[in-house]
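Analysis of the macromolecular model
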Amino acid sequence: MRELGVVAENRASLDYAQLNYYYVVDTSSNDKDNHLTGEEKQNHMQVQWHTLDEMVRLITNQTFARVQQKYLHARDMAALDEYVKRMQVK
């Protein structure tokens, strides 16, 4: 596991600030079972496994009407762009 970076959100007009930490994890395990906590299950959390190409397509092609969703999309795009940039350096 290695740190990818931090995206800081500061929306003063909403009295809102948040830090989002992103990590990259490599695994040799073929076990794709989810081991969610009881609370995660109650909240209907889902874990999905995707290839890099699928992630780029899924995240890039999202469109949103609400301002909040657009902020979240921009945050996710920043993390994805950084990951793709690092992968190209390898």
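Here, the structure is the one placed above.
Everything in this summary refers to the structure shown in the same document. Quick caveat: nothing in here was measured; it's all calculated off a predicted structure. (Residues numbered from 1 in each chain as written. Predicted model: local features only at pLDDT ≥ 70, side-chain atom pairs only at ≥ 80, totals over all residues. Heavy atoms only, no water.)

1. Describing the overall build of the chain
We apply this condition: Counting from the N terminus, the helices are the DSSP runs of H or I reaching at least four residues and the strands are the DSSP runs of E reaching at least two. The globule rule used here is 2.2 Å times the number of residues to the 0.38 power, and the radius of gyration it is set against is calculated over C-alpha atoms. Burial classes follow relative accessibility: with a 1.4 Å probe on protein chains only, a residue under 20% of its type's maximum area counts as buried, one over 50% as exposed, and anything between as partly exposed. Note on definitions: a residue-residue contact is assigned when non-hydrogen atoms from the two residues lie within 4.5 Å. Here the accessible surface of atoms and residues is derived via Shrake-Rupley with a 1.4 Å probe, and residues count as covered only by protein chains that are part of the display. A positive count includes Lys and Arg, and a negative count includes Asp and Glu. His and the chain ends are not counted in either. By convention, the charge on Lys lies at NZ, on Arg at CZ, on Asp at CG and on Glu at CD.
A tally of regular secondary structure across the chain gives three helices and two strands. In sequence order, the chain lays out its α and β elements as β-β-α-α-α. Taken against the 2.2 N^0.38 rule, which gives 12 Å for 90 residues, the C-alpha radius of gyration of the chain at 15 Å runs more than 25% over that of a compact globule. Projecting the C-alpha coordinates of the chain onto the three principal axes gives extents of approximately 45 × 40 × 25 Å. Going through the 90 residues of the chain one by one, you find that 17% of them count as buried. Within the chain, residue pairs in contact and separated by at least 24 positions form 39% of the contacts whose partners lie at least 6 positions apart. Here the chain has roughly 7600 Å² of accessible surface; of this, 51% comes from carbon and sulfur atoms. Put simply, the chain has 11 plus and 13 minus side-chain charges, and the middle of one group is 4 Å from the middle of the other.

2. Brief notes about the layout of surface pockets
Selection criterion: Method remark: on a 1 Å grid restricted to protein atoms, a set of points is classed as a cavity if a 1.4 Å probe fits but cannot get out and as a pocket if it is open with protein on both sides within 12 Å along at least five of seven lines; lining residues have an atom within 4 Å of a point. Grid points are joined across faces, edges and corners, and a volume is the space filled by probe spheres set on the points. Gly counts as polar in this scheme, as do all residues outside two lists: the nonpolar Ala, Val, Leu, Ile, Met, Phe, Trp, Tyr, Cys and Pro, and the charged Asp, Glu, Lys and Arg.
Of the volumes computed, that of the largest pocket is approximately 1200 Å³. Around the largest pocket, the lining is made up of 27 residues, and of these Tyr23, Gln48, Trp49, His50 and Met55 lie nearest the centre. Class assignment of the residues belonging to the lining of the largest pocket gives a composition of 16 nonpolar, seven polar and four charged.

3. Points about unusual backbone geometry
One non-glycine residue with positive phi stands out, namely His44, at about 60 degrees. With respect to the helices, strands and loops of the structure, His44 is situated in the loop between α1 (38-42) and α2 (52-60). According to the relative accessible area criterion, His44 is exposed, its value standing at 66%.

4. Some thoughts on the side chain of Asn20
Put simply, the rule reads: Throughout this description, a polar contact denotes any pair of N or O atoms lying within 3.5 Å of each other; where both atoms belong to protein, one of them has to be capable of donating a hydrogen while the other can accept it, and for residues adjacent in sequence the pair is counted only when both atoms sit in side chains.
Along the chain, Asn20 falls in strand β2 (residues 16-24). On the accessibility criterion, Asn20 (10% relative accessible area) is buried. Looking at Asn20, its side chain comes within polar contact range of the side chain of Gln18, at 2.7 Å. Among the polar contacts listed, one links the side chain of Asn20 to the side chain of Arg75, at a separation of 3.3 Å.

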